[in-house]
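Descriptive analysis of the structure
Listed below, chain by chain, are the residues.
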Amino acid sequence: MDFDPVLLARLQFAFTIIFHIIFPTFTIGLSAYIATLGALWLRTGQDRYRFLMQFWVKIFAVSFAMGVVSGIVLSYQIGTNWSRFSVVAGNVLGPLLGYEVLAAFFLEATFLGILLFGINRVPRWLYVVSAAVVAVGTTISAFWILAANSWMQTPAGFEMRDGVAFPTDWFAVVFNPSFPYRFAHMLNAAYLTTGFVVLAVGARFLATGRHIAEGRTMLRMAIGLTAVLAPLQLIIGDQHGLNTLKHQPIKIAAMEAHWDGALPADFEIFAWPDEHDGFNRYSVSIPKAGSLVLTHRMNGLIPGLLSVPEKDRPPVKVVFFSFRIMLAMGFFMIAAALLGAFFWWRGTLFETTWYLRAMAQTWWVGFVAVIAGWVTTESGRQPWIIYNILRTADANSPVPGATVAGTLALFIVAYGIVFSFGIYYINRLINKGPDGPDSGGSGAHFSGNPMSAARDGTAG
Amino acid sequence: MEWYLPPIWAAIIGLAVAMYIVLDGFDLGIGITFPFARDEAERDQMMRSIAPFWDGNETWLVLGGAGLFVAFPRAYAVIMPALYLPVIVMLLALVFRGIAFEFRVVSHSKSGWSQAFFAGSIVATVAQGVILGNLIQGIAVKDGGYTGGSFDWANPFALLCGLALIAGYGLLGATWLTMKTDGPVATRARQQAKYFLPAVLIFMAAVSLWTPLTEARIAARWFSLPNFYYLWPVPSVTALIAFATWRGIVTGREALPFLGAIGLFMLGYLGLVISNFPYLVPPSLTVWDTAAAPSSQTFMLIGTLVLLPFVLGYIVLIYWLFRGKVHAGDSYH
Ligand code: HDD
Ligand code: HEM
Ligand code: HEM
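Remember, it's a predicted structure, so these values are computed and weren't measured experimentally.

1. Quick look at the overall build of chain A
- Helix and strand content of chain A: 15 helices and six strands.
- Its C-alpha atoms give chain A a radius of gyration of 24 Å, within 12% of the compact-globule value 23 Å for 460 residues.
- Projected onto its principal axes, the C-alpha positions of chain A cover 70 × 50 × 45 Å.
- Sorting the 460 residues of chain A into buried and exposed places 60% on the buried side.
- A fraction of 77% describes how many contacts in chain A between residues 6 or more apart in sequence connect residues 24 or more apart.

2. Examining the coordination of the iron atom of ligand 1
- No protein donor other than A:His20 (NE2) coordinates the iron atom of ligand 1, and that contact is at 2.2 Å.
- Mapping A:His20 onto the fold places it in helix H1 (residues 5-44).

3. Points about the coordination of the iron atom of ligand 3
- Of all protein atoms, just one serves as a donor to the iron atom of ligand 3, and that atom is A:Glu378 (OE), at 2.4 Å.
- Mapped onto the secondary structure, A:Glu378 falls in helix H12 (residues 365-381).

4. Focus: the pairing of strand E1 (residues 158-161) of chain A
Residue and element names in this part refer to chain A.
- Pairing of E1 with strand E2 (residues 164-167) involves four bridges; the strand directions are antiparallel. For phenylalanine 158, the partnering residue across the bridge sits in E2 and is proline 167.
- What sits between the antiparallel neighbours E1 and E2 is a turn of two residues, in which aspartate 162 has the positive phi angle 50 degrees.

5. What about the site of ligand 1?
- Inspection of the region around ligand 1 gives 23 residues, with A:His20, A:Thr27, A:Gly71, A:Glu108 and A:Ser141 positioned closest.
- One chain alone does not account for the residues near ligand 1; they come from chains A and B.
- The side chain of A:His20 places a nitrogen or oxygen atom 3.1 Å from a nitrogen atom of ligand 1.
- One of the side-chain N or O atoms of B:Thr59 is found 3.4 Å from an oxygen atom in ligand 1.
- When residues of the shell around ligand 1 are traced back to their parent elements, those giving at least two are H1, helix H2 (47-81), helix H3 (83-117) and helix H4 (124-153) of chain A together with helix H3 (54-71) of chain B.
- Across the shell around ligand 1, the residue classes break down as 13 nonpolar, eight polar and two charged.

6. Brief notes about the environment of B:Ser121
- Relative to the helices and strands, B:Ser121 is located in helix H6 (residues 110-137).
- In this structure the C-alpha to C-alpha distance between B:Ser121 and B:Gly31, which are 90 residues apart in sequence, comes to 5.3 Å.

7. Let's talk about the confidence of the model for chain B
Residues and elements named next belong to chain B.
- Chain-level statistics for chain B give a pLDDT mean of 85 and a share of 96% at 70 or above.
- Within chain B, the lowest mean pLDDT, 70, falls on strand E2 (residues 145-146), and the highest, 91, falls on helix H7 (residues 156-180).
- Here the prediction assigns the complex a pTM of 0.86, and the interface score ipTM is 0.81.

8. What about the pattern of salt bridges?
Residue and element names in this part refer to chain A.
- Per the stated rule, a full pass over the model turns up 17 salt bridges over all chains.
- We note a salt bridge from aspartate 312 to lysine 311, for which the minimum N-O separation is 3.6 Å.
- Judged by its relative accessible area of 19%, aspartate 312 is buried.
- Classification of lysine 311 by relative accessible area gives exposed; the value is 57%.

9. Details of the site of ligand 3
Residues and elements named next belong to chain A.
- Around ligand 3, the structure places 17 residues, and the nearest of them are Arg10, Asn149, Glu378, Arg381 and Gln382.
- Contact between ligand 3 and asparagine 149: a nitrogen atom at 3.3 Å from a side-chain N or O atom of the residue.
- Within the side chain of serine 379, an N or O atom sits 3.4 Å from an oxygen atom of ligand 3.
- Going through the elements one at a time, H1, H4 and H12 are the ones with two or more residues in the shell around ligand 3.
- Sorting elements by how many residues they give to the shell around ligand 3 places H1 first, with five residues.

10. Quick notes on H7(B)
- Given a rise of 1.5 Å per residue, 25 residues ought to cover 36 Å, and the 36 Å separating the end C-alpha atoms of H7(B) matches this to within 8%.
- Within H7(B), 22 of the 25 residues are buried, which leaves the element mostly enclosed by the surrounding structure.

11. As for the nonpolar core
- In terms of nonpolar packing, the biggest core is built from 242 residues, with A:Trp56, A:Phe85, A:Leu93, A:Trp151, B:Trp60 and B:Phe72 touching the most fellow members.
- One finds A:Leu245, A:Phe320, A:Phe323 and A:Trp384 within the second-largest nonpolar core, a separate group that totals 23 residues.

12. Thoughts on the environment of A:Val293
Residues and elements named next belong to chain A.
- Along the polypeptide, valine 293 turns up in helix H9 (residues 289-295).
- Spatially, the C-alpha atom of valine 293 lies 28 Å from that of glycine 195, the residues being 98 residues apart in sequence.
- In contact with valine 293, not counting residues within four places along its chain, are Asp238 and Leu242.

13. What to know about the packing of aromatic side chains
- Counted by the stated rule, this structure contains 52 aromatic pairs over all chains.
- Plain terms: the ring middles of A:Phe19 and A:Phe419 are 5.9 Å apart, the flat faces sit at 65 degrees to each other, and that makes the pair edge-to-face. Separated by 400 residues along the polypeptide, A:Phe19 in helix H1 and A:Phe419 in helix H13 (residues 401-432) bring together distant segments of the chain.
- Judged by its relative accessible area of 30%, A:Phe419 is partly exposed.
- Between A:Tyr99 and B:Phe299 the ring centres are 5.1 Å apart and the planes differ by 45 degrees, which places this aromatic pair in the tilted class. Remark: B:Phe299 occurs in helix H14 (residues 294-321) and A:Tyr99 occurs in helix H3; the pair is interchain, linking two chains.
- Members of the aromatic cluster, connected to one another through ring pairs, are A:Tyr99, A:Phe143, A:Trp144, A:Trp170, A:Phe171, A:Phe175, A:Phe179, A:Phe183 and B:Phe299.
- The side chain of B:Arg43 reaches across the aromatic face of B:Phe34, ending 5.8 Å from its centre.
- The positively charged end of B:Arg323 is found above the aromatic ring belonging to B:Trp320, 4.2 Å away from the centroid.

14. Points about the interface of chain B and chain A
- In this complex, chain B contributes 64 residues to the contact, which on the side of chain A involves 73 residues.
- Overall, the association of chain B and chain A removes approximately 6,400 Å² of surface from exposure, summing both partners, and the carbon and sulfur fraction of that is 77%.
- Applying the counting rule to chain B against chain A returns zero salt bridges.
- Run the count over chain B and chain A and you get 14 residue pairs in polar contact (both at pLDDT 80 or more).
- Mapped onto the side of chain B that touches chain A, the elements with two or more residues apiece are H3, helix H4 (73-82), helix H5 (84-106), H6 and H14 of chain B.
- Considering only residue class, the side of chain B that touches chain A consists of 44 nonpolar, 14 polar and six charged.

Conventions adopted
Residues numbered from 1 in each chain as written. Chains lettered and ligands numbered in written order. Predicted model: local features only at pLDDT ≥ 70, side-chain atom pairs only at ≥ 80, totals over all residues. Heavy atoms only, no water. Helix = DSSP H or I, 4+ residues; strand = E, 2+ residues; numbered from the N terminus. Rg over C-alpha atoms; globule rule 2.2 N^0.38 Å. Buried < 20%, exposed > 50% of the residue type's maximum accessible area, 1.4 Å probe, protein only. Contact = heavy atoms within 4.5 Å. Donors = N, O, S within 2.8 Å, 3.2 Å for Na, K, Ca; no water. Pairing = 2+ DSSP bridges. Near = heavy atom within 4 Å. Polar contact = N/O pair within 3.5 Å; in protein donor to acceptor, adjacent residues only side chain to side chain. Nonpolar A, V, L, I, M, F, W, Y, C, P; charged D, E, K, R; others polar. pLDDT = per-residue confidence, 0-100. Salt bridge = Lys/Arg side-chain N within 4 Å of Asp/Glu carboxyl O. Expected span 1.5 Å × (residues − 1). Core = buried A, V, L, I, M, F, W, Y, C linked by side-chain atoms within 4.5 Å. Phe/Tyr/Trp six-rings, centres within 6.5 Å; stacked < 30°, edge-to-face > 60°. Lys NZ or Arg CZ within 6 Å of the ring centre and 35° of its normal. Buried area = accessible area lost by both parts, 1.4 Å probe.

Shown next as structure tokens:
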């Protein structure tokens, strides 16, 4: 049998990293939310904040565990799948990942122990501080890993000697041209995604008439947050795109399926890019809107895909469609959040049942946007693994295709099992809802489920 | 040239690996003894004794891997493809073991995830032993890249190391339970330690004989003069510690068996370091051959010197916060 080792290594890496990013996205946002609830609890002394905090901590525990184990896989896969890349980029990327481990992972892991098990062992303030420390840890971790990824997109601060990158300016390496945009966009994405999960859970409780007090608190907090962050994401994303136009123009051309650089760019609402003949089939477009967004002039020109040979173009369809999926999610989030804010302002938020029912179903929009965004970014970088420095085809490990295919199958099976159970358990925890005065049985579970009992305060 | 940077980095990575072996060793060991518990309530108690720590323990594995990537990218780029299958299998086993901590408590039936915890622990342990065995034996390298096949790792010595590590982690786990739990769980763990300790000693002897017999460079390291004069204390101290550990187990001491088990591990580890230094990928690549650029090693060294004390500090904090025994019947967490 004939397997293409590079393609398989890419598929395997894409699969495992897409699986991984689902959980950081959620835990970065959720840890910040939990810390906020903790702070509100300390300040006001109101129990509903504590109940909510404890509720989300249980869900956090399950998703964090999945984030950790899938992350450990990734840190080794850079060596197992991309050993030639490791040699070329090791001098530069190694320290960034090293800083992530030392500055973030130990911090998160340790204080997570206190957050999950410490409520009866440590003073309240230390408990809440631990929640905040976990949130800070996840943010530091995002900082370093995104610095590493951005360096692969827009390498800076180094020189090549005998085909190996040697750092010359660490500040330029870390704060490379695309890093600030990517960090802001990703961090905001994490908060938005979590905001929509909280919004959906609050709406679900209200729509089904359970946990009313907690549901209202969640709904208000989530709408307040997302109504600001969703429009903000559009602004950050726009700036991110302008910056990418400067550094990776062909990626932008692929995102817009723009072929001929001599013409102004239309904005394609729908199209089927024909990579063979170099034009768009079935195109539905707004004339010149692409140029307007990207150059702020009607007849502004941006480079087209045809300006480089086919072997230097990214896979246009993947980039084009994933970008459109992200945009669709983004605009949906803006509309949903602003509509909620409008109902809130009118004072009818908790009575507008159709809105609550609809929102209860939309917990996943952020995750889809994040995955689509990453697929845009990473596929748009192709055929380079380090932009203009190292081709992906020259970066893989000397491991036979069949071996990679076998482990890819193992990953699919294993992650399939883990993911199905994880989603199922999280859904069950959500259905059970927070413990509280109106949870309809706050004492009942003490005998039944040892975990909730422990986390509620009977553990020794 | 900054010739001294690579040995410093070798020491740091050596420390990370040692921390990993001891810390994750005892919680993998608990997974290994999982099937022998009477019921899920006992398993709850066993798991509770490690639940606040396991994530931090496993982070040392990430530091070991990332450290290798930081300081010795060329070694990383040879070792990972060479040990591709054992590494991936180990990672998958750790996935199941890690999620079992949380999934076990939220599922209706605990026993399924208890089995996943056991299977994950034992597979990860054997895979780590295989990785270790191959690193001792050496890896086929040409022009700085791996040249062997996908299954070169499957050889008798590596499998012996896999079994040895089951005994070793089992000993760490059993003595940890002796120290951190009470009731039937602790009593059973003390019994188990009585079996694990002799097994560990036999395996240590086997590895110590096998390597010098098959690897001339290791025989020369230990048995040439004057090395022999400096090195004979290593086996002697090992024997003394083994004896003290045994006494500790049979006389009902609480912490001594666990500390003794750590001591045995450290001496075994020291023995391997003596056999192989300065090779990182024996028999061809030394720490100097594979080192990252001095600028990279320095940049990271600064961070390590600043951050590592903090890391150690809050690790001490969490072990202190969760000090004392976990009793039977305490609810989870
Ligand atoms: C935007 C943020 C982000 C991105 C792009 C990534 N990660 Fe991640 N990672 C996190 C944010 C994060 C986190 C928030 O810190 C996690 C997620 C959930 C968690 O448990 O911690 C984490 C966990 C986590 C762990 C486990 C840490 C532990 O032991 O506690 C490892 C080893 C990695 N990651 C490694 C990687 C690698 C090698 C990546 C890319 C190739 C990567 N992560 C992408
Ligand atoms: C609605 C307006 C949005 C615009 C204009 C926008 C713009 C962009 C652009 C141009 C990129 C590619 C950057 C590059 O590769 O150089 C990108 C990537 C990305 N987007 Fe968006 N985005 C929007 C909404 C969202 C939303 C709502 C989310 C998630 C909740 C999101 C998550 C991401 C992620 C995770 C990436 C990959 C990482 C990165 O490069 O930053 N985006 N976005
Ligand atoms: C967590 C968010 C990320 C997601 C969802 C993601 C997604 C992807 C996807 C879909 C691919 C395959 C692209 C293709 O082959 O067409 C890919 C490739 C790759 N990415 Fe990312 N990525 C992320 C972050 C990172 C980071 C932080 C790094 C490195 C520090 C990284 C390094 C790589 C490498 C080495 C490849 C393989 C080469 C390639 O095919 O481009 N990625 N990633």
